[in-house]
Number of protein chains: 2
Amino acid sequence: MGKVTIKDVAQEAGVSKATVSYVLSGSDLIAEKTAQKVRAAAAKLGYSVNHAARMLATDRTNTIGVFAPPHRAGYFSLSLGGYLYSLSDAAREAGYDTMLFTDGNGVEALRKAVGTKRIDGAVLMEVSEGDERLEAVRRLGLPSVTLGMSEPDSGVDAVDTDFESAARVLVRNLASHGHRDVLLVGWPEWMYAKGVNYAVRFREAAEAEARRHGMALTVVCARNEALGSARELSAALHEHPDATAMIVHNDAVMMGMNQTLRELGVDVPGDLSVEVVVPDQMGVGMRVPYTGVDIDLDAVAERAVDVLKRRIARPDRPVVRELVQQPLADLGSVRSL
Amino acid sequence: MGKVTIKDVAQEAGVSKATVSYVLSGSDLIAEKTAQKVRAAAAKLGYSVNHAARMLATDRTNTIGVFAPPHRAGYFSLSLGGYLYSLSDAAREAGYDTMLFTDGNGVEALRKAVGTKRIDGAVLMEVSEGDERLEAVRRLGLPSVTLGMSEPDSGVDAVDTDFESAARVLVRNLASHGHRDVLLVGWPEWMYAKGVNYAVRFREAAEAEARRHGMALTVVCARNEALGSARELSAALHEHPDATAMIVHNDAVMMGMNQTLRELGVDVPGDLSVEVVVPDQMGVGMRVPYTGVDIDLDAVAERAVDVLKRRIARPDRPVVRELVQQPLADLGSVRSL
DNA sequence: CTGAAAGCGCTTACAG
DNA sequence: CTGAAAGCGCTTACAG
């Protein structure tokens, strides 16, 4: 039961509460023999530390807040759920509990969480340009890390997949196979306009790398974020009959793509070479049969939590900006011209 | 700053800590005039209650734990993320914070959360037959509600969409339009075998209702949970050329279906009438153009949190089992024969 | 190496 | 109607 306290353990072990506390928090100040008695007593009584009491005494919550992106109706992010799992898993492994915040107003949620001392730090999911949460965590002095890169001068740690590198790798791979006319199927226009970070970073790096290789890269924006974009896909292919390859950076488009291409009678890679950027979990679930960069959500989340943990430990250390490299998996959907 | 305590507020207002506490917790024992002074002082100082201290004093956490289903690689549940949002939103509105638990071993996670007094209650997502978490919450005395129906004698509150009713409505609708040979495209076999609750309930109710109408209902199990099942879908249609209608109860199949049907040259509803069961959020995002039952995740989550809240308030009240009705939306994909 | 004691910031009978 | 005081279960200097 939850009724057993440190006092009971102390009595059972014949020592003081202080000694129990030291042993249980892993201090090595206590003689091993005593420590053993204490551990035995704790085990026998089924003791668990009362977290509220510990929080009050230490002013630490051992909890991180995950601030999810606002819940946009109609925008069904496929990576989101995966990231929530990965973050929670990584947090647990790092010794933290995870509190989930889905408030439309992230700033207000942050303010309240800090005011009531609910969390030691925050993961800010899906930052975008001018994200008000950045200013908020700075003002609140809340150790935080963004999932996605904030602007360099944000003053907040950032971790994300290295989308620039992914873009370069993908473009270079196509170039080396002789492709000179390539389509980049991306996100809806508004996401670039709003400056949604991964979208912009990938696109700009791809364009730069394409220029470097003398490759014509045409960006096609999906007209909405959902599956309907299959129609856009086919339109894009018709409008660009000379394209020999296509890079898809859009989960939702990905989902219907296999069927769409077959429907259109497009043979991959015979008629068209295809590369994708896709969260690994989606790849497994959907048996994505294309060469591309698999984004390992667990790895990104693990790095984010680690960076956050260090920030919590050393609030004044220099700002960290970490890009996680993701490997290119060759599934044979690119052919040489 | 978080540094201002009840003591500061008391000083500022010229009253005792007790009085401040009473005012802030909404007790009406305090004269309105005093209360106003206190509130003004609290506002002026920017006071927020220290949650750890309150938890320790009251033995309540004002936090609910959401115990997510195990993270199955390759199983990409589309409703899952939506439910996490909806639950967190509903919890916040009910005055709770939300702690997210994704441990593979839910029982262990429950034990720890209760032992360390982290939560007042739990939402158990995706219960299935013989779910060990049910026994665990009973033993731990943890107020809980399942999202999805547990067995009737589980002793744990349950809330879910009324899938039986949804199945009956859908079958009845087809029957009234003269359909006598219908396909039910469901979940992978193993989900029925494992007794995954909503899958079984929908299927059995549909079968029963079909019998009642003298309708031949053939269940087609998707061979995997992901988009690949488009292939199964077309196979099923070929094997059952006499079927005049199809009910799809499988998010993943849904996603590719639009394309698949076009690819197969199947006109809806000319050649085939189609009904679906789909989370409303997916419907919006993916513009699902089929008649069917839209599952309102927010509504289900709101009910679940409400039931849990009452259970926390009255641990000994009779077990509640609540089914949320979801309306049939007619989008014209069923024709009369 | 161990224990007595103060303190974390609240809440809540209990007196008045 | 308000305040003094005990108590929630820990942690952590500080003495010894």
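Before going into details, it helps to say that this report is about the structure given with it. Since the structure is predicted, the reported quantities are computational estimates derived from the model, not experimental observations.

Turning to the overall build of chain A, a few remarks are in order. Along the backbone of chain A there are 14 helices and twelve strands. For chain A, the C-alpha atoms occupy an extent of roughly 85 × 40 × 35 Å along the three principal directions. For chain A, the residues scored as buried account for 56% of the 337 residues in total. The long-range fraction of contacts in chain A, counting pairs at least 24 apart against all pairs at least 6 apart in sequence, stands at 70%. Of the roughly 14,000 Å² of accessible surface on chain A, a fraction of 50% belongs to carbon and sulfur atoms.

This part is about the protein's contact with DNA strand D. Near DNA strand D lie 25 residues; those nearest to it are A:I6, A:S21, A:R54, B:T19 and B:T34. The protein-proximal atoms of DNA strand D, defined as those within 4 Å of the protein, are 60% sugar or phosphate. A distance of 3.3 Å separates a base nitrogen of DNA strand D from a polar backbone atom of A:A53. Contact between DNA strand D and B:A31: a phosphate oxygen at 2.8 Å from a main-chain N or O atom of the residue.

Let's shift gears to the sheet that holds strand β10 (residues 291-295) of chain B. Residue and element names in this part refer to chain B. With respect to topology, six strands assemble into an open sheet ordered β7-β6-β8-β9-β10-β12, the strand pairing being mixed. Every interior strand has two partners, whereas the edge strands, β7 (216-221) and β12 (328-329), have only one. In this sheet, β12 lies alongside β10 in antiparallel orientation, the contact comprising two bridges. Among the inter-strand pairings, V293 is bridged to a residue of β12, identified as L328.

Looking along a regular strand, one sees side chains alternate from face to face of the sheet. Residue and element names in this part refer to chain B. Counting buried positions over the six residues of strand β6 (residues 181-186) gives five, a clear majority of the element. Sheet topology places β6 next to β7; six bridges connect them, and they run parallel. Residue pairing across strands places G186 opposite C221, the latter belonging to β7.

This paragraph deals with the protein's contact with DNA strand C. Taken together, 25 residues surround DNA strand C, and among them A:T19, A:T34, B:I6, B:S21 and B:R54 come closest. Those atoms of DNA strand C that come within 4 Å of the protein belong to sugar or phosphate at a rate of 59%. Between A:A57 and DNA strand C, the recorded distance is 3.5 Å, taken from a backbone N or O atom to a base oxygen. At 2.8 Å from a phosphate oxygen of DNA strand C is found a main-chain nitrogen or oxygen belonging to B:I6. Those elements that place two or more of their residues in the surface near DNA strand C are α2 (17-24) and α4 (51-58) of chain A together with α2 (17-24) and α4 (51-58) of chain B. Per-class residue counts for the surface near DNA strand C are 15 nonpolar, eight polar and two charged.

On to the nonpolar core. Counting 114 residues, the largest nonpolar core has A:V123, A:M125, A:F202, B:V123, B:M125 and B:F202 as the members making the most contacts within it. By size, the runner-up hydrophobic cluster in this structure holds 33 residues, among which are A:F67, A:A113, A:V114 and A:L124.

Turning our eyes to something else, we now look at the sheet that holds strand β12 (residues 328-329) of chain A. All names here are of chain A. A sheet is described by the order of its strands in space; here six strands give the open sequence β7-β6-β8-β9-β10-β12, paired in mixed fashion. Either end of the sheet is taken by a strand with one partner, and the two such strands are β7 (216-221) and β12. Strands β6 (181-186), β8 (245-248), β9 (273-279), β10 (291-295) and β12 of the sheet are contacted by helix α8 (residues 163-176), whose axis makes an angle of about 165° with β9.

Further remarks concern the packing of helix α1 (residues 6-13) of chain B against α2(B). Residue and element names in this part refer to chain B. Where α1 contacts α2, the axes come no closer than 8 Å and their chain directions differ by 100°. By the angle between their axes, α1 is roughly perpendicular relative to α2. Contact residues: I6, K7, V9 and A10 in α1; K17, V20 and S21 in α2. In terms of residue class, the contact of α1 with α2 is built from four nonpolar, one polar and two charged.

Another aspect to go through is the environment of A:A40. Residue and element names in this part refer to chain A. Mapped onto the fold, A40 is located in helix α3 (residues 32-45). On the accessibility criterion, A40 (45% relative accessible area) is partly exposed. Taking the C-alpha atoms as reference points, A40 and V9, 31 residues apart in sequence, are found 9.1 Å from one another.

So, on to the pattern of salt bridges. Any two side chains of opposite charge can pair, so long as their charged atoms come close to each other. Overall, the coordinates contain 44 salt bridges over all chains when judged by the stated rule. Salt-bridge contacts for B:D103 lead to A:R92; the nearest nitrogen and oxygen are separated by 2.9 Å. Pair noted here: B:D103 is in the loop between β2 (97-101) and α6 (106-115) and A:R92 is in helix α5 (residues 78-93), and the two residues belong to different chains. Looking at B:D103, the relative accessible area reads 16%, which means it is buried. For B:D306, the salt bridge goes to B:R310, with nearest N and O atoms at 2.9 Å.

Along the chain, A:V334 turns up in the segment after β12. As a C-alpha pair, A:V334 and A:S273 span 61 residues in sequence and 4.5 Å in three-dimensional space.

What follows is about the side chain of A:E209. Relative to the helices and strands, A:E209 resides in helix α10 (residues 197-212). If we skip the residues at most four places from it in the chain, A:E209 touches A:R168, A:V171 and A:R172.

Quick look at the pairing of β8(A) now. Residues and elements named next belong to chain A. Here β8 shows a buried face lined by A245 and I247 and a second buried face lined by M246 and V248. In the sheet, β6 pairs with β8 via four bridges, with the strands oriented parallel. Following the sheet pairing, V185 is matched in β8 by V248. Bridge count between β8 and β9: four bridges; the pairing is parallel. Within β9, the residue paired with M246 across the bridge is V274.

With that settled, the discussion passes to the packing of aromatic side chains. Tallied over the entire structure, the rule returns six aromatic pairs over all chains. Between A:W187 and A:Y198 the ring centres are 5.5 Å apart and the planes differ by 80°, which places this aromatic pair in the edge-to-face class. Linking A:W187 in the loop between β6 and α9 (189-193) with A:Y198 in helix α10, this pair joins segments that are eleven residues apart in sequence. Residues B:F163 and B:Y198 carry aromatic rings whose centres are separated by 5.9 Å and whose planes lie at 40° to one another, so their mutual orientation is tilted. Of the two residues, B:F163 sits in helix α8 (residues 163-176) while B:Y198 sits in helix α10 (residues 197-212), which places them 35 residues apart along the sequence. B:Y198 carries the same exposure label as B:F163, and that label is buried.

Residue and element names in this part refer to chain A. Cis rather than trans, the peptide bond between V268 and P269 has omega equal to 5°. You can see P269 is positioned in the loop between α12 (251-263) and β9. Here the phi dihedral of N62 falls at roughly 55°; this positive angle occurs in a residue that is not glycine. Residue placement: N62 occurs in the loop between α4 and β1 (63-67).

Turning our attention to the packing of α2(A) against α3(A). Residue and element names in this part refer to chain A. Interhelical geometry of α2 versus α3 gives an angle of 90° and a closest axis separation of 10 Å. In terms of orientation, α2 lies roughly perpendicular with respect to α3. Listed contacts from α3 to T19, V20, V23 and L24 of α2 are T34, A35, V38 and R39. The residue inventory of the contact of α2 with α3, partitioned by class, reads five nonpolar, two polar and one charged.

About the cut-offs
- Residues numbered from 1 in each chain as written.
- Chains lettered and ligands numbered in written order.
- Predicted model: local features only at pLDDT ≥ 70, side-chain atom pairs only at ≥ 80, totals over all residues.
- Heavy atoms only, no water.
- Helix = DSSP H or I, 4+ residues; strand = E, 2+ residues; numbered from the N terminus.
- Buried < 20%, exposed > 50% of the residue type's maximum accessible area, 1.4 Å probe, protein only.
- Contact = heavy atoms within 4.5 Å.
- Areas by Shrake-Rupley, 256 points an atom, 1.4 Å probe, with all protein chains shown as cover.
- Near = heavy atom within 4 Å.
- Polar contact = N/O pair within 3.5 Å; in protein donor to acceptor, adjacent residues only side chain to side chain.
- Pairing = 2+ DSSP bridges.
- Nonpolar A, V, L, I, M, F, W, Y, C, P; charged D, E, K, R; others polar.
- Core = buried A, V, L, I, M, F, W, Y, C linked by side-chain atoms within 4.5 Å.
- Axes fitted to C-alpha atoms, helices over the stretch in contact; angles between N-to-C directions.
- Parallel < 35°, antiparallel > 145°, perpendicular 65-115°, else oblique.
- Salt bridge = Lys/Arg side-chain N within 4 Å of Asp/Glu carboxyl O.
- Phe/Tyr/Trp six-rings, centres within 6.5 Å; stacked < 30°, edge-to-face > 60°.

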